[in-house]
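# Architecture at a glance
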Amino acid sequence: MAYPYQITSLEQYHNDYKKSVEDPESFWGAIAENFEWRKKWDKVLNWNFTEPKVEWFANARLNITENCIDRHLKTMADKPAIIWEPDNPEERTRTVTYARLHKRVCQFAQVLKNNGVKKGDRVCIYMGMVPELAYAVLGCARIGAIHSVIFGGFSAQSIADRLEDANVEFIVTCDGAYRGGKDISLKSIIDDALIGNKTVKRVIVYTRTRTPVSMIKGRDVWWEDEMLHAEDQLELNATFNFPAEEMDAEDPLFILYTSGSTGKPKGVVHSSAGYMVWTNYTFVNVFQYKPGDVFFCTADIGWITGHSYIVYGPLSAGATGVMFEGIPTWPTAGRFWDIVEKYKVNTLYTAPTAIRSLMSYGLDPLKGKDLSSLKVLGTVGEPINEEAWHWYDEHIGKKKCPIVDTWWQTETGGCLISNLAGVTPAKPSWASLPMPGVQPILVDEHGHEVTQKDEDGLVKGNLCIKAPWPGILRTTYGDHERYRTNYFATYENLYFTGDGAFKDAEGNFRITGRVDDVLNVSGHRIGTAEVENAINMHAGVVESAVVGFPHEVKGQGIYAYVIMNQKHGDDEQSKKDILQTVTRVIGAIAKPDKIQFVTGLPKTRSGKIMRRILRKIAEGETKNLGDTTTLLDPAVVEEIQKGKL
Ligand code: WTA
């Protein structure tokens, strides 16, 4: 498979960028010609950011799985689509060819049909990283159901909220999942999430760990039984095909929940056609994928990175991807390097947190590992500090592999700002240049473009995007107004990212992190309001305020200031109880790293918590806390400072 739209020189990048901005419709229309359509579009793009409305490839018809699977069958049926590495390195690995993937996805689509799933229905998927997770995702897409994958680390309560928000009737899960030698009982978490739920009719359970589970009569069925039955049905047709449902370009493909600065996580909705074109285009260009390369993205499919760069991007390009069930540090901190050596990985795509964590083990885990197959390295999810960037470059890439620092978001579907491996220049800790079609702009708090450089020669501001790219989210599930207020109401006619950024004289961007009340802990987005709500559910808590602080490995840690009611006893016990509450309500990923008990919080006279002050204290700032004169009780600041952890 050749990619006529692959950018191969810096000059071509500049030309393509110019074309994409001057005439987006003919630029993206030409790229879309490289996909399989049941019917082509009437118009490439309709949009306005005030309504807001975005439509790409209007009235085109397609099914994304025909682009990710069927079209590869003629030329590469026997090529591995997914190479699966189990948590336990002693266990047998599995290789799924495109032919096998086609078979399994068709079978699972048949299973969904047999269980009453129809086009447009929402299917929640809560599984570990097994190939069956990919079959489930693609099976939904084949039948036109909307998948909502929930990361295996979320609690029953988080699942229950998401099931309710999207009115989910069907769930696919596993008995358990293996991660780092531990066995996590996923099915029992689903059972807890379903207490009181009135909409879920069917739970399909894949056997992975053989953990005992309770199967509820009339509701729960085994994956294996269902697949056998579907196999019998499909064998009657000579090609073993489950005809893909014809979808409109703008039909929703999936929902993925992500945290914002207020309230409960929102269901980000992506479309079929635009998302497909965007994930494919960015995959081929950012990583400079060449046919035959082995691509290893270490993310979990429960996050957007896994959706876009384990499933849809690589498969639509006919690539071979490694899917890893486990964690980088088990059984040893050399696990990634073993995998690279074993499968001769060409591209490794991981998170700065993983790099920093592996750095902390020193160079021993790298001894004797053959990393010579590597050609390209990538990072995603959070700003990468220069020290980690250089370690990655020197010890993993041996200074021969370009590093792509890819900035993007759940909402953007795929990379928006990134260098293109070996084609456009890399700059340590800078995401660098925008992808064709992406028009970033830095604005001040009033939404005016900042053009003035400050003393270090950089323009600094809040990062917005001026016009839609094909992978932009189309709505937030069930609440289009929330979509408008979240992304398009802060600044007129702009998509607001929530990030701050610097721009240098060459037009490179450096993302400095969130400027809203969202934390980025180990590359995972967590809203401060969500954590506060969880802490406040503990019976002994009166009030709390949560901020981020710099953390050596996680990038950001969670610092919680908590007021307890007077009767609370032992501090250590209270901390444990609070941590457990947060784990119950959200999941272990949202547990505060530090909990400081205080008797009051700095508030304005109107009762608003001054987080700016709390953030500064958590960051270790002692003097310049800014203006505290508007506080109701300035003395409380001193007390908090004294008790800083
Ligand atoms: C941050 C992950 C700096 C950013 C794909 C963004 C980054 C949030 C980078 C989205 C990067 C992501 N450099 N910061 N290369 N990539 N971020 O939705 O703050 O989980 O807004 O999507 O991660 O996180 P999300």
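Provided above is the structure to which this section pertains.
As a starting point, this report considers the structure included with it. (Residues numbered from 1 in each chain as written. Predicted model: local features only at pLDDT ≥ 70, side-chain atom pairs only at ≥ 80, totals over all residues. Heavy atoms only, no water.)

### A word on empty space enclosed by the protein
Within the structure shown, the criterion is met by four cavities of 30 Å³ or more. Its volume calculated, the largest cavity comes out at about 50 Å³. Along the walls of the largest cavity sit Ala-81, Ile-82, Phe-295, Cys-297, Tyr-309, Ile-310, Gly-321, Val-322 and Met-323, which together make up its complete lining. Ranked by the residues each element gives to the lining of the largest cavity, the list is headed by strand 17 (residues 320–324), at three residues. For the lining of the largest cavity, a count of residues per class yields eight nonpolar, one polar and no charged. The calculated volume of the second largest cavity comes to roughly 40 Å³. In terms of lining, the second largest cavity is formed by Asn-63, Ile-64, Ala-141, Gly-144, Ala-145, Met-247, Pro-252, Leu-253 and Ser-272. When the residues that make up the lining of the second largest cavity are grouped by side-chain class, the tally is six nonpolar, three polar and no charged. (1 Å grid on protein atoms, 1.4 Å probe; cavity = no way out; pocket = protein on both sides within 12 Å on 5 of 7 lines; lining within 4 Å. Points joined across faces, edges and corners; volume = space filled by probe spheres on them. Helix = DSSP H or I, 4+ residues; strand = E, 2+ residues; numbered from the N terminus. Nonpolar A, V, L, I, M, F, W, Y, C, P; charged D, E, K, R; others polar.)

### Focus on the sheet that holds strand 28 (residues 541–551)
A sheet is described by the order of its strands in space; here three strands give the open sequence 28-29-30, paired in mixed fashion. Strands with a single pairing partner mark the edges of an open sheet, and in this sheet they are strand 28 and strand 30 (594–597). In this sheet, neighbouring strand axes are inclined to one another by 25° on average, regardless of whether the strands run parallel or antiparallel. Judged from the 10 bridges that link them, strand 28 and strand 29 (residues 555–564) form a sheet pairing that is antiparallel. For Phe-549, the partnering residue across the bridge sits in strand 29 and is Gly-557. Along the sheet face, helix 17 (residues 611–618) touches strand 28 and strand 29 and points at about 55° away from the line of strand 28. (Pairing = 2+ DSSP bridges. Axes fitted to C-alpha atoms, helices over the stretch in contact; angles between N-to-C directions. Contact = heavy atoms within 4.5 Å.)

### Here's the deal with helix 15 (residues 528–536)
Burial analysis of helix 15 places seven of its nine residues in the buried class, which makes it a mostly covered element. Among the residues of helix 15, those classed as buried are Thr-528, Ala-529, Glu-530, Val-531, Glu-532, Ala-534 and Ile-535. In this structure, the buried residues of helix 15 make contact with strand 26 (518–521), strand 27 (524–527), strand 28, strand 29, helix 16 (571–585) and helix 17. (Buried < 20%, exposed > 50% of the residue type's maximum accessible area, 1.4 Å probe, protein only.)

### Digging into the site of the ligand
Lining the immediate environment of the ligand, one finds 17 residues, of which Asp-405, Thr-406, Thr-410, Asp-499 and Arg-525 sit closest. A distance of 2.6 Å separates an oxygen atom of the ligand from a polar atom in the side chain of Thr-410. For the ligand, the accessible surface in isolation is 530 Å², of which the surrounding protein chains cover 96%. Breaking the shell around the ligand down by element, the ones donating at least two residues are helix 10 (304–316), strand 20 (403–406) and strand 25 (509–514). For the shell around the ligand, the residue count by class is six nonpolar, six polar and five charged. The residues that make up the shell around the ligand include at least three from each of domain 1 (10–412) and domain 2 (440–514). (Near = heavy atom within 4 Å. Polar contact = N/O pair within 3.5 Å; in protein donor to acceptor, adjacent residues only side chain to side chain. Areas by Shrake-Rupley, 256 points an atom, 1.4 Å probe, with all protein chains shown as cover. Domains from an automatic or database assignment.)

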